[in-house]
Amino acid sequence: MRAPEVDVLVVGAGAAGMAAATAAARAGARTVLLERGERLGGVLEQCIHPGFGLHRYREELTGPEFAHRLRAELEDSGAEILTGTTVLEILPDGPRVKAVTPRGLRKFRSRAVVWAAGARERPFGALRIPGTRPAGIFTAGLAQRLLDLEGLLPGRRAVILGSGDIGLIMARRLHLEGVEVRAVLEIQPFPGGLTRNVVQCLQDFGIPLLLSHTVAEVHGRKRLEGITAVKVDARWNPLPGTERYIEADALVLSVGLIPETRLIEGFVQLDPVNRGPKVNGSLQTDVPWLFAAGNCVAVFDLVDTVAALGERAGIAAARYARGELPSGRKVPLVRGENVVGLVPSYLNGAMGSVAVHLRVPRPMEGVTVDLGGVVRRRVRVARPAEMIEIRLGKEEIAELSRAPQVVVEVKPQ
């Protein structure tokens, strides 16, 4: 049986995937969206807190409300939606995609593919924390799902390791459900989440935040009984004499996300820092028919940005499927002083505009973002938790594209 042919195939129906499929379908491409879950929206369905949609919809929404808006747009676009469908393999020739659907194995042939598979949480085993392995240790996403979708408490006394946004939000949610949040530990000397979440989730409820602290040991046999917290130096080495035992029956881990690339890493070039595929300003990878958007490229702090990038990828994929996407010369963007996360990895001189997103390694005030000595933007406050967005116009891109590479730096003013 011949595999059905489509113009754009989108893998993943989180914010990036739904926005990409909608944009591709509206651009006239025959579009199919594949999602392994039974519902569209991904992790948004369990994010019942507000704070979404301020940029995209100009109003504050919860995660499910944001997902509902995207679903409505998707359903109006005419894209075909297949839920309960797990992609098994992506083959470069064609390209072809193999997936298991509720009706069995299916193969698709597409002119372009948008990879929007999101990111997965870093597990407890990756932390190498000494001690036993009792019940009561959860990733923040799992604890959130248990609480918000299943109505189950992960414990009665909790410690949270990591002050990323989901960890901060879970501290508030657990507190509001009657769980005693004993402390939030952060190995860095600064919070890992947005400032508004530090204030609204911790300070407003009197939940202690212990900076430069981590878990030195886990205690308990069948069930977690407590943890030993310890202060660390600038190199994250434990400081003897600073150990303290904290009684808890739940340890919630908010220790970072890893872009999901397992089905594409065999044939696409990955960024060693972002850990996702390298993309240009159109979200096109070094494999011309493959586009990527959202947290599978790099971990972004705002879902509004994820949706905007998905939309851009969908439009570009539709243009590629029609043979209308300009190629142009690729100019590498290179990390310079005080730059960690950086998206895209390349500029394309044929593009009309592009947004460059970057992340700094530590809090800084009064800085200038410099791109190749040609483009400079002043930023009042730069924090690791918040990606800086620099929008480039057509003339700026054309000037930058004359160089062999563009070094991106963040300098004190």
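Above this text you will find the structure in question.
Here's a quick rundown of the structure. Please read all numbers here as calculations on a predicted model, not as lab measurements.

About the thresholds
- Residues numbered from 1 in each chain as written.
- Predicted model: local features only at pLDDT ≥ 70, side-chain atom pairs only at ≥ 80, totals over all residues.
- Heavy atoms only, no water.
- Buried < 20%, exposed > 50% of the residue type's maximum accessible area, 1.4 Å probe, protein only.
- Helix = DSSP H or I, 4+ residues; strand = E, 2+ residues; numbered from the N terminus.
- Contact = heavy atoms within 4.5 Å.
- Phe/Tyr/Trp six-rings, centres within 6.5 Å; stacked < 30°, edge-to-face > 60°.
- Pairing = 2+ DSSP bridges.
- Axes fitted to C-alpha atoms, helices over the stretch in contact; angles between N-to-C directions.

1. A word on helix H3 (residues 140-148)
Okay, step 1: For H3, the buried fraction is high: seven of the nine residues fall into the buried class.
Okay, step 2: Looking at H3, one finds that the buried residues are Ala140, Gly141, Ala143, Gln144, Leu146, Leu147 and Asp148.
Okay, step 3: Where H3 is buried, its residues contact strand E9 (119-121), strand E10 (137-139), helix H4 (165-176) and strand E17 (250-253).

2. Points about the packing of aromatic side chains
Okay, step 1: For the structure shown, the criterion picks out four aromatic pairs.
Okay, step 2: Plain terms: the ring middles of Phe52 and Phe66 are 6.5 Å apart, the flat faces sit at 45° to each other, and that makes the pair tilted. Placement of Phe52 in strand E3 (residues 50-52) and of Phe66 in helix H2 (residues 63-77) is noted, with a sequence separation of 14 residues between them.
Okay, step 3: Pairing Tyr57 with Phe66 gives two aromatic rings, centres 5.5 Å apart and planes at 70°, and the pair type is edge-to-face.
Okay, step 4: According to the relative accessible area criterion, Tyr57 is buried, its value standing at 17%.
Okay, step 5: The class of Phe66 is buried, set by a relative accessible area of 0%.
Okay, step 6: Joined through ring pairs, the aromatic side chains of Phe52, Tyr57 and Phe66 make up one cluster.

3. Description of the pairing of strand E20 (residues 330-335)
Okay, step 1: Examined bridge by bridge, E20 and strand E22 (residues 346-348) share three bridges and lie antiparallel to one another. By the bridge assignment for E22, Val331 is matched with Leu347.
Okay, step 2: By the bridge criterion, three bridges tie E20 to strand E27 (residues 406-412) in an arrangement that is parallel. Pairing of Leu333 across the sheet is with Val406, part of E27.

4. Digging into the sheet that holds strand E14 (residues 213-220)
Hydrogen bonds between backbone atoms are what pair the strands of a sheet, whose relative direction is either parallel or antiparallel.
Okay, step 1: Read across the open sheet, the three strands follow the order E14-E15-E16; overall the sheet is antiparallel. Strand pairing shows two members of the sheet lacking a second neighbour, E14 and strand E16 (244-247), which therefore form its edges. When the angles between neighbouring strand axes are averaged without regard to direction, this sheet yields 30°.
Okay, step 2: Where strand E15 (residues 224-231) and E16 come together, four bridges link them in antiparallel fashion.

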